[in-house]
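# Residue-level structure breakdown
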Amino acid sequence: MSGDSDCTRTSPSAGSPSDNELLPDRPKYVCSLSPDLITKAREELQEKPEWRLRDVQALRDMVCKDYPSLGTCLDDAFLLKFLRARKFDYDRALQLLVNYHTCRRSWPEVFNNLKPSAIKPVLESGFVTVLPRLDPEGRHVVCIRPDRWTPSNYPITENIRAIYLTLEKLIQSEETQVNGIVILADYKGVSLSKASHFGPFVAKKVIGILQDGFPIRIKAVNIINEPRIFKGIFAIIKPFLKEKIANRFFLHGSDLNSLHQNIPPVILPEEYGGTSGKLDISAWNELLLASEEDFLHDFSQLVLPCDSSPHDVLVSGDADEKQCDDSLRGMKPQLYYCY
């Protein structure tokens, strides 16, 4: 993502034959989708290649009219991610874009100084990685292992930063924008003390980002090796989940055969009964760390509006945090019971 965030420099209304000529400094979009994925995008996302740039321009016009100080990138490729994530519904895509920026500005512990080198300890721990092979639907599998995290080393927000950067990297691919992703979360060894760090405030923030504040399609969440404590964790998460997302959670316990019905063994590492060798985190870590300059450039396009301040954005967040802290106190007895 790159480009000009100044709405005064947008091109004329959709349909003008010289849009790209008027904005030579804005990268021209070139579709990289295969014919099969173009067909899939048409059928599942209502994306029509002949109308694609018209739709992008329509969203750009809406941003400039309704949110002229949003401080967002306006490149075709960047806006297209939000249209695809909301099946080319202009209003929903606009709301997703606004939410994307709101989330980033309302949680400075996560989004300040957000770059791969800043979360290198998390990457080296193996807390989050991406399997090297795609599933049969062409989706990347994001593997999350909470047992690799030692709370005394760094706060839980560092893990969230690592997951966010991983998703940002994945969504750069048009194939991922169309196919979505699958999550594989291994809760082996998660203790009560570790689970207590994931209270309602953090849960609400994370779920809010994944459901309503990030342009990615999460097609399945596979949970394995979940201990009894996970009942308490899921009790915290579930109130914030939309029904569609909640129905995409699959709890497999220690039953690898159940996992293999959703993710075939051929793409899984040996640790999960697969045939693709030992789980190797080095390739993904190297790819993410090598993207440092790209992230710095891309995030520099997302600027805080001059008529806003972090304090203004965080006022309501403080109230939410107090409310969620109260909820956490009510949840703790349940966590102990499950444990």
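Let me sum up the structure you'll find in this document. (Residues numbered from 1 in each chain as written. Predicted model: local features only at pLDDT ≥ 70, side-chain atom pairs only at ≥ 80, totals over all residues. Heavy atoms only, no water.)

### Observations concerning the overall build of the chain
- Helix and strand counts for the chain stand at 17 helices and five strands.
- Residues counted as buried form 51% of the 339 residues belonging to the chain.
- Restricting to contacts in the chain with at least 6 residues of sequence separation, those with at least 24 account for 78%.
- About 15900 Å² of surface is accessible on the chain, with carbon and sulfur atoms providing 52% of the total. (Helix = DSSP H or I, 4+ residues; strand = E, 2+ residues; numbered from the N terminus. Buried < 20%, exposed > 50% of the residue type's maximum accessible area, 1.4 Å probe, protein only. Contact = heavy atoms within 4.5 Å. Areas by Shrake-Rupley, 256 points an atom, 1.4 Å probe, with all protein chains shown as cover.)

### Structural notes on the nonpolar core
- By size, the foremost hydrophobic cluster in this structure holds 80 residues, and its most contacted members are Phe 78, Trp 107, Ile 181, Phe 198, Phe 214, Ile 233 and Leu 241.
- Ranked by the residues each element gives to this core, the list is headed by helix α8 (residues 156–170), at eight residues.
- Taken together, domain 1 (35–106) and domain 2 (114–296) each give at least three residues to this core, which thus spans both.
- Apart from the residues lying within four places of it in its own chain, the contact partners of Phe 214 are Leu 96, Tyr 100, Tyr 164, Leu 167, Glu 168, Ile 171 and Ile 209.
- Of all hydrophobic cores here, the second largest spans 13 residues; its members include Val 141, Ala 220, Leu 259 and Ile 267. (Core = buried A, V, L, I, M, F, W, Y, C linked by side-chain atoms within 4.5 Å. Domains from an automatic or database assignment.)

### Some words on the sheet that holds strand β4 (residues 218–224)
- Strand order in the open sheet made by the five strands is β1-β2-β3-β4-β5, with mixed pairing throughout. Pairing within the sheet leaves two strands with one partner each, and these edge strands are β1 (128–130) and β5 (249–253). For this sheet, the mean angle separating the axes of adjacent strands, direction not counted, is 20°.
- Relative to β4, strand β3 (residues 181–186) runs parallel, the two being bridged by six bridges. Paired with Asp 186 across the two strands is Ile 224, which belongs to β4. (Pairing = 2+ DSSP bridges. Axes fitted to C-alpha atoms, helices over the stretch in contact; angles between N-to-C directions.)

### Topic: the pattern of salt bridges
- A complete count under the given rule lists 12 salt bridges for this structure.
- Asp 66 serves as the salt-bridge partner of Lys 65, at 3.6 Å between the closest nitrogen and oxygen.
- A salt bridge links Asp 135 to Arg 139; its shortest N-O distance comes to 2.8 Å. In this pair, the class of Asp 135 matches that of Arg 139, namely buried.
- The structure contains a network of salt bridges with shared partners spanning Glu 47, Arg 52, Arg 84 and Glu 174. (Salt bridge = Lys/Arg side-chain N within 4 Å of Asp/Glu carboxyl O.)

### Some remarks on the packing of aromatic side chains
- Overall, the coordinates contain 11 aromatic pairs when judged by the stated rule.
- Ring centres of Trp 107 and Phe 201 lie 6.4 Å apart, and the angle between their planes is 70°; this geometry places the pair in the edge-to-face category. Taken together, the positions of Trp 107 in the loop between α5 (90–106) and α6 (108–111) and Phe 201 in helix α11 (residues 200–212) put the pair 94 residues apart, joining distant regions of the chain.
- Classification of Trp 107 by relative accessible area gives buried; the value is 3%. (Phe/Tyr/Trp six-rings, centres within 6.5 Å; stacked < 30°, edge-to-face > 60°.)

### Points about the environment of Asp 186
- Note that Asp 186 resides in strand β3.
- Looking at Asp 186, the relative accessible area reads 6%, which means it is buried.
- Separated by 67 residues in sequence, Asp 186 and Gly 253 have C-alpha atoms that sit 9.4 Å apart.
- Engagement of the side chain of Asp 186 in a polar contact is seen with the side chain of Asn 225, the distance being 3.0 Å.
- A polar contact of 2.9 Å, which involves the side chain of Asp 186, links it to the side chain of Tyr 272. (Polar contact = N/O pair within 3.5 Å; in protein donor to acceptor, adjacent residues only side chain to side chain.)

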